[in-house]
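For reference, the chains in residue letters:
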Amino acid sequence: MDFLRPASWQEALAAKAEHPTAVPIAGGTDVMVEINFDHRRPEHLLDLGRVGDLYEWEAGEDSVRLGASVPYTRIMENLRAELPGLALASHTVASPQIRNRGGVGGNLGTASPAGDAHPALLAAGAEVEVESVRGSRRIPIDDFYTGVKRNALAPDELIRAVHVKKADGPQQYSKVGTRNAMVIAVCAFGLALHPDTRTVRTGIGSAAPTPVRARTAEEFLNAALDEGGFWDSGKIITPSLAKRFADLCAAACNPIDDVRGTASYRRHAVGVMARRTLTWTWESYRGAGRTTSRKGGAA
Ligand SMILES: Cc1cc2nc3c(=O)[nH]c(=O)nc-3n(C[C@H](O)[C@H](O)[C@H](O)COP(=O)(O)OP(=O)(O)OC[C@H]3O[C@@H](n4cnc5c(N)ncnc54)[C@H](O)[C@@H]3O)c2cc1C
């Protein structure tokens, strides 16, 4: 196995163009597990550790440009106000050691339906900035996941950054696991209120072949909140409205039975998390300032 060590982004792109089957390695928390278990034996490993740009982030007026290798710990420490949903999701990833190395670029590279960044990115509205020697493009997060552990990257492309809209309202992330740390999600749910556009967006993890949004549930809720004048009045969301939203979120799942949980349990749990995160975020919206976010909890 050859180890390629580009010193700059341009060198990394050139190396990927020359060796399209080279496997990029950032924090290595997915790649090294696969190599250690002999699930993967690539001819070339492309180490991105010396590409400094990938560890930087920049908060603009409307969005944050998050370098692909920014570790979860940095997101939790520095971007809690701008990206509360992603910061909450980052909290639930593994352990401090993994959070110090792993990042969103690697989560997107692996594209596991159970990856914790995905529901938060779907709910917030994100774009993945990818590049090759042929040029750069931005892939809307809704188009990024193409199948189980598959994504929209071309063989010669690398992820440079993720552009995530800054929170304009409360966001939440909830995850079901067999314990509170070091656990892959049985299922997970992200929800973001967007008062600026008077919309709600969702993200579901580990309950379909790819991370998905509950679009019908979003459409139902957006229409109900609009017609009922909820955004202006800030009145309490009725239990029947929350239940219908939860049922539609559960219906958006297409889960499997596996060692972590049954399909029917996953559907049920997604409904519970949808109802809870809607209640938490709406209560925050109704409260003082109407933009604060609560800490997430297990369903
Ligand atoms: C003990 C343990 C517990 C874990 N728990 C969780 C958990 O709770 N939640 C969770 O979501 N994940 C978990 N993971 C998985 C892993 O930590 C995450 O997926 C993490 O985000 C991967 O980031 P990384 O930088 O380490 O990626 P790497 O392992 O370096 O790479 C992952 C994939 O992305 C590709 N890649 C990396 N960077 C780029 C780039 N810039 N451009 C293109 N492709 C790229 C790699 O080629 C590889 O296919 C766990 C892993 C371990 C070992």
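Here is a short report on the structure shown in this document. Everything numeric here is computed off the predicted structure, so don't read it as measured data.

Bringing the pattern of salt bridges into the picture now. Scanning all chains against the criterion turns up 19 salt bridges. The salt bridge partner of Glu129 is Arg65, with a shortest N-O separation of 3.1 Å. With Glu129 in strand S6 (residues 126-132) and Arg65 in strand S5 (residues 63-67), this pair connects stretches of sequence that are 64 residues apart. A relative accessible area of 10% means that Glu129 is categorised as buried. Residue Arg65 is classed as partly exposed on the basis of its relative accessible area of 25%. The residue Arg74 makes a salt bridge to Glu77 at a minimum N-O spacing of 2.8 Å. You can see Arg74 and its partner Glu77 sitting in helix H3 (residues 72-78), three residues apart, about one turn around the helix. The structure contains a network of salt bridges with shared partners spanning Asp142, Arg201, Arg213, Arg215 and Glu218.

Summed over all chains, the structure comprises five aromatic pairs. Measuring from ring centre to ring centre gives 4.8 Å for Trp282 and Tyr285, while their planes differ by 40°; the resulting arrangement is tilted. Of this pair, Trp282 and Tyr285 both sit in helix H12 (residues 263-286), separated by three residues, roughly a single helical turn. According to the relative accessible area criterion, Trp282 is buried, its value standing at 1%.

Read across the sheet, three strands follow the order S1-S3-S2 without closing on themselves; strand pairing throughout is parallel. Of all the strands in the sheet, the pair left with one neighbour each is strand S1 (2-4) and strand S2 (23-25). The mean inter-strand angle of the sheet, taken between neighbouring strand axes irrespective of direction, is 30°. Across three bridges, S1 lies against strand S3 (residues 44-47) in parallel orientation. Residue pairing in the sheet places Leu4 in a bridge with Leu46 of S3.

Scanning the entire structure with this criterion turns up one cavity of 30 Å³ or more. Gly85, Pro119, Ala120, Ala123, Gln171, Gln172, Tyr173, Gly190, Leu191 and Ala192 are the residues that line the largest cavity. For the lining of the largest cavity, the secondary structure elements donating two or more residues are helix H7 (117-124), strand S11 (171-176) and strand S12 (187-194). Here the lining of the largest cavity is composed, by residue class, of six nonpolar, four polar and no charged.

Definitions and cut-offs
- Residues numbered from 1 in each chain as written.
- Predicted model: local features only at pLDDT ≥ 70, side-chain atom pairs only at ≥ 80, totals over all residues.
- Heavy atoms only, no water.
- Salt bridge = Lys/Arg side-chain N within 4 Å of Asp/Glu carboxyl O.
- Helix = DSSP H or I, 4+ residues; strand = E, 2+ residues; numbered from the N terminus.
- Buried < 20%, exposed > 50% of the residue type's maximum accessible area, 1.4 Å probe, protein only.
- Phe/Tyr/Trp six-rings, centres within 6.5 Å; stacked < 30°, edge-to-face > 60°.
- Pairing = 2+ DSSP bridges.
- Axes fitted to C-alpha atoms, helices over the stretch in contact; angles between N-to-C directions.
- 1 Å grid on protein atoms, 1.4 Å probe; cavity = no way out; pocket = protein on both sides within 12 Å on 5 of 7 lines; lining within 4 Å.
- Points joined across faces, edges and corners; volume = space filled by probe spheres on them.
- Nonpolar A, V, L, I, M, F, W, Y, C, P; charged D, E, K, R; others polar.

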